[in-house]
Amino acid sequence: VGYVGSSGINLLDYNHNINTALLASAANPVNGFNTTTTANVGFRVPYIGYAPAGLQATSYDGISNYNSLQITVRKQLSHGLTLQGSYTWSKSLTDIMVDSANSNNAGNLAQQYGEAWFLRPQRFIVNYSWQIPSGGLRGAAKAALGGWTLSGVTTIQDGQPFTFVDGNAGTAYGTNGQGTTSGFGRAQMCPGATYAQIATPGGIESRLGGYSGGPGYFNSSAFCAAPAIMPDGVTLTSQAACPTCATLFGNSGVGIVLGPGQFNFDNTLSKQFNIVERVHLQFRAEFFNLLNHPQFQGLAPSTGTGGATAFLPQPLNAGSSIITSTSVNPRVIQLGLKLLF
């Protein structure tokens, strides 16, 4: 049993936006403009002539930290069995998503600090090899039934964190979008809504959505349209009250909901036949996802390595996220013969 931790500084921040538009008002004009609209967003940038998401730099200003409890159990070979089990309970935080930091205001890395997109908070792995005893078998029975070995790897782990994106959020800054490198705005939580209310209840098979039925993986009614800002650059309103107004970024955090977990068995049954002293024939039957258990990954629509971000359906509250892909294949059986000499 042990504690394992790490701290990272000067991490790669690829294609970091450095030209995000500023909010302009009569009290705080920007480049001679005292209004904030989507029409003048290209003139409210620090460097006129470049689009808000069109001037980027690669820097090394990201940070991370990792803390974990790790437990390992090992059984050395005895009575034909060897085994190792490993359990990790961890938390990893960073202000970098995949390899960029362009979520909401790219100039403020602190507000992008949250669960790492690759984190799996709990992970259990066990691998084993068992030489199946043949008992008192003799002759042809021993030749056919003896000498078999069962081995495998079992993986049980949490899903990865998701950050929710609203492609309509952040138009006042000019970096609204759907890409981790081009910039995007995070979703806005509805008044009174909590992160605990985002994920729909029940087993994963009942939450797929779409043709599979069920409500979908998350409840989009927990999110509302991003707040809008009037042209005066001061007065806030809602998109419903001013559909043409520029929008601000949403207030939801990074990595606030875990995706589907994984429960997988891979096994091998093998036997070696001794033909002569230095020539052996090995038979292997390999089973991937032995139990044929469906294991799901990602949300639709989604993007980012490993499905790090999930986009809200548009218009908001018109539906829930649908799971459309699996993290492992259905059961695959592979047979093989190997001649060793």
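Okay, so let's go over this structure.

Cut-offs and rules
Residues numbered from 1 in each chain as written. Predicted model: local features only at pLDDT ≥ 70, side-chain atom pairs only at ≥ 80, totals over all residues. Heavy atoms only, no water. Disulfide = S-S within 2.5 Å. Helix = DSSP H or I, 4+ residues; strand = E, 2+ residues; numbered from the N terminus. Buried < 20%, exposed > 50% of the residue type's maximum accessible area, 1.4 Å probe, protein only. Patch = residues over 30% accessible without salt bridge, like charges linked within 9 Å, V, L, I, M, F, W, Y side chains within 5 Å. Areas by Shrake-Rupley, 256 points an atom, 1.4 Å probe, with all protein chains shown as cover. Salt bridge = Lys/Arg side-chain N within 4 Å of Asp/Glu carboxyl O. Contact = heavy atoms within 4.5 Å. Polar contact = N/O pair within 3.5 Å; in protein donor to acceptor, adjacent residues only side chain to side chain. 1 Å grid on protein atoms, 1.4 Å probe; cavity = no way out; pocket = protein on both sides within 12 Å on 5 of 7 lines; lining within 4 Å. Points joined across faces, edges and corners; volume = space filled by probe spheres on them. Nonpolar A, V, L, I, M, F, W, Y, C, P; charged D, E, K, R; others polar. Pairing = 2+ DSSP bridges.

Here we come to the state of the cysteines. Counting across every chain of the model gives 2 disulfides. One disulfide in the model links Cys190 with Cys224; its S-S distance is 2.0 Å. For the disulfide bridge between Cys190 and Cys224, the dihedral angle about the S-S bond is near 105°, and by the sign convention the bridge is right-handed. Here Cys190 is found in the loop between β8 (188–189) and β9 (223–224), whereas its partner Cys224 is found in strand β9, with 34 residues between them in sequence. Taking relative accessible area as the criterion, Cys190 reaches 11% and is therefore assigned buried.

As a further point, take a nonpolar patch on the surface. On the surface, Val1, Leu69, Ile71, Val73 and Trp89 cluster together into a nonpolar patch covering about 510 Å² of accessible area. With 3 residues, the single largest contributor to the nonpolar patch is strand β2 (residues 56–78). Relative to the helices and strands, Leu69 resides in strand β2.

Position of Gln84 among the secondary structure elements: in strand β3 (residues 81–94). The exposure class assigned to Gln84 is partly exposed, which follows from its relative accessible area of 29%. For the pair formed by Gln84 and Val153, sequence separation is 69 residues and the distance between their alpha carbons is 9.7 Å. If we ignore the near neighbours within four places in the chain, the residues touching Gln84 are Thr72, Val73, Arg74, Ile125, Val126 and Asn127. Looking at Gln84, its side chain comes within polar contact range of the side chain of Arg74, at 3.0 Å.

Quick look at empty space enclosed by the protein now. Taken as a whole, this structure holds 2 cavities of 30 Å³ or more when the rule is applied. By volume, the largest cavity is sized at about 90 Å³. Arg120, Gln160, Pro260, Phe296 and Gln297 are the residues nearest the centre of the largest cavity, which is lined by 12 residues in total. Class assignment of the residues belonging to the lining of the largest cavity gives a composition of 3 nonpolar, 8 polar and 1 charged. Considering the residues around the second largest cavity, the lining is formed by 13 residues, among which Ile96, Met97, Glu115, Thr163 and Val254 are closest to the centre. Its residues placed into classes, the lining of the second largest cavity shows 7 nonpolar, 4 polar and 2 charged.

This next bit is on the pairing of β2. Here strand β1 (residues 2–17) runs beside β2; their pairing, made up of 11 bridges, is antiparallel. Each residue of the ladder has a partner; that of Asp13, found in β2, is Ser59. In terms of strand pairing, β2 meets β3 through 13 bridges, oriented antiparallel. Opposite Lys75, over in β3, you have Leu83 as the bridge partner. Between the end of β2 and the start of β3, which pair antiparallel, lie 2 residues, with His79 showing a positive phi angle near 55°.

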